[in-house]
Amino acid sequence: MNKLKKGNLFTRTEIQQLVGGEIQTYLPQKNKVILAGCFNRKLNPDCPTEVQAGNAKKVTQKAALLISQPNTIFPVFTKESDTDKHYEFIGMYRCTGGTNDPKVLAQAEKKSGRIDQLSYVFQLENVT
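This text gives an overview of the structure that appears in the document. (Residues numbered from 1 in each chain as written. Predicted model: local features only at pLDDT ≥ 70, side-chain atom pairs only at ≥ 80, totals over all residues. Heavy atoms only, no water.)

**Some words on the packing of aromatic side chains**
The relative placement of two aromatic rings is captured by the distance of their centres and the angle of their planes.
Step number 1: One pass over the structure, following the stated rule, counts 4 aromatic pairs.
Step number 2: On the basis of an interplanar angle of 55° and a centroid distance of 5.6 Å, the ring pair of Phe 77 and Phe 89 is categorised as tilted. With Phe 77 in strand 6 (residues 74–79) and Phe 89 in strand 7 (residues 87–99), this pair connects stretches of sequence that are 12 residues apart.
Step number 3: Judged by relative accessible area, which is 4%, Phe 89 ranks as buried.
Step number 4: Grouping aromatic residues by their ring pairs yields a cluster made of Phe 10, Phe 77 and Phe 89.
Step number 5: The aromatic ring of Tyr 87 is capped on one face by Arg 12, whose charged end is 5.5 Å from the ring centroid. (Phe/Tyr/Trp six-rings, centres within 6.5 Å; stacked < 30°, edge-to-face > 60°. Helix = DSSP H or I, 4+ residues; strand = E, 2+ residues; numbered from the N terminus. Buried < 20%, exposed > 50% of the residue type's maximum accessible area, 1.4 Å probe, protein only. Lys NZ or Arg CZ within 6 Å of the ring centre and 35° of its normal.)

**As for the nonpolar core**
Step number 1: Counting 18 residues, the largest nonpolar core has Tyr 26, Leu 27, Phe 39, Leu 66, Val 76, Phe 122 and Leu 124 as the members making the most contacts within it.
Step number 2: Those elements that place two or more of their residues in this core are strand 5 (50–54), helix 2 (57–67), strand 6, strand 7 and strand 8 (118–126).
Step number 3: The contact partners of Leu 124, leaving out residues within four places of it in the chain, are Phe 39, Pro 48, Thr 49, Val 51, Leu 66, Phe 74, Val 76, Tyr 93, Arg 94, Cys 95 and Thr 96.
Step number 4: Of all hydrophobic cores here, the second largest spans 10 residues; its members include Phe 10, Ile 15, Cys 38 and Met 92. (Core = buried A, V, L, I, M, F, W, Y, C linked by side-chain atoms within 4.5 Å. Contact = heavy atoms within 4.5 Å.)

Structure, rendered in structure tokens:
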């Protein structure tokens, strides 16, 4: 992973080649270990410190898995919008917690406009 320098740009295929796991998910994983975070800033206005997980079944499962792994350190990549093809590497992070408390979800929904579309909000901490 020596290609991981802050500011470098990667496609999803390149990220998958670097870290492994699935290519079409915001939290690629293998053997129930999260390998990376790939986040859209339009959907996550407070990213990378706070990430909003949608309510699709797989998205919810991934969020719960990440929250259960506070010692897992993984690279985080962000892009500005749905139309961007490249993600920027912004550093190595770990999950420090998360919640599905309705009050917290409601506050997060107001920030992103994703009303009734969230399952979890989780926090990340930069470790690099």
